[in-house]
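Understanding the architecture of this molecule
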Amino acid sequence: MPARENIPATLKRSPRKAQETYAEAHDSAVDSYGEGERAHRTAFSAVKHSFEKVGDHWEPKDSKGPSDKQAAKSGSSARKGGETAGGVDANASKAHLMDIAKRLDVPGRSKMTKDELVEAIGNANNRASAKAPRDS
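Before going into details, it helps to say that this report is about the structure given with it. (Residues numbered from 1 in each chain as written. Predicted model: local features only at pLDDT ≥ 70, side-chain atom pairs only at ≥ 80, totals over all residues. Heavy atoms only, no water.)

1. Observations concerning the pairing of strand E1 (residues 51-54)
What counts, and what does not: Three exposure classes are used, based on accessible area relative to the maximum for each residue type with a 1.4 Å probe and protein chains only: buried under 20%, partly exposed in between, and exposed over 50%. Put simply, DSSP H or I for four residues or longer makes a helix, DSSP E for two residues or longer makes a strand, and each gets a number counted from the N terminus. DSSP-based pairing: two strands are paired if at least 2 bridges between them are found.
The alternating pattern of E1 places Phe51 and Lys53 and Glu52 and Val54 on opposite faces, both of which are buried. In terms of strand pairing, E1 meets strand E2 (residues 57-60) through four bridges, oriented antiparallel. What sits directly across from Glu52, in E2, is Glu59.

Right, dumping it as structure tokens:
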């Protein structure tokens, strides 16, 4: 099934470029690996190189590139799994993460380390996505 017909809700609330990136990467991955989880993971990986998750949607990153240590891996080491930042740009500056945390109203952000900010933003993103309507 073409990805444009079944795009995830967080991407429906995101810029068209994020939607197109996901759809094109997904359809290409389906051609290579078949329909399933691997195609979806591949498509989200492509999105994460240019966009970061903020609340219940994706926004363009200041600069393209991997969003966390797991995304920077390639080949068989990437396929072995590992913890990701869930769309948070963990490679961004602490100042950028503080700005995102402020926009998401993360409590206690001023005393957090960079790693704590990444985790707190991820949690805030998950809460925002859970509250958002599934079909928009």
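2. Focus on the side chain of Lys53
Rules: In summary, the charge assignment counts Lys and Arg as positive and Asp and Glu as negative, without counting His or the chain termini. In the sections that follow, a salt bridge refers to a side-chain nitrogen of Lys or Arg positioned within 4 Å of a carboxyl oxygen of Asp or Glu. Whenever two N or O atoms come within 3.5 Å, that pair is a polar contact, provided that in protein one can donate a hydrogen and the other can accept it, and provided that, for residues adjacent in sequence, both atoms are side-chain atoms. Every residue pair with non-hydrogen atoms within 4.5 Å of one another is taken to be in contact.
In this fold, Lys53 is placed in strand E1. For the buried Lys53, which has no salt bridge, the nearest side chain bearing the opposite charge is Asp56, at an N-O separation of 8.0 Å. In terms of polar contacts, Lys53 uses its side chain to reach the side chain of Ser129, at 2.7 Å. Look past the residues within four positions of Lys53 in its chain and what remains in contact with it is Thr10, Trp58, Gly86, Gly87, Asn125, Asn126 and Ser129.

3. Some points on the environment of Ala46
Along the chain, Ala46 falls in helix H3 (residues 37-50). On the basis of relative accessibility, which here comes to 25%, the residue Ala46 falls in the partly exposed class. For the pair Ala46 and Ala25, spaced 21 residues apart in sequence, the C-alpha separation works out to 6.6 Å. Beyond its immediate chain neighbours, meaning those up to four positions away, Ala46 contacts Thr21 and Ala25.

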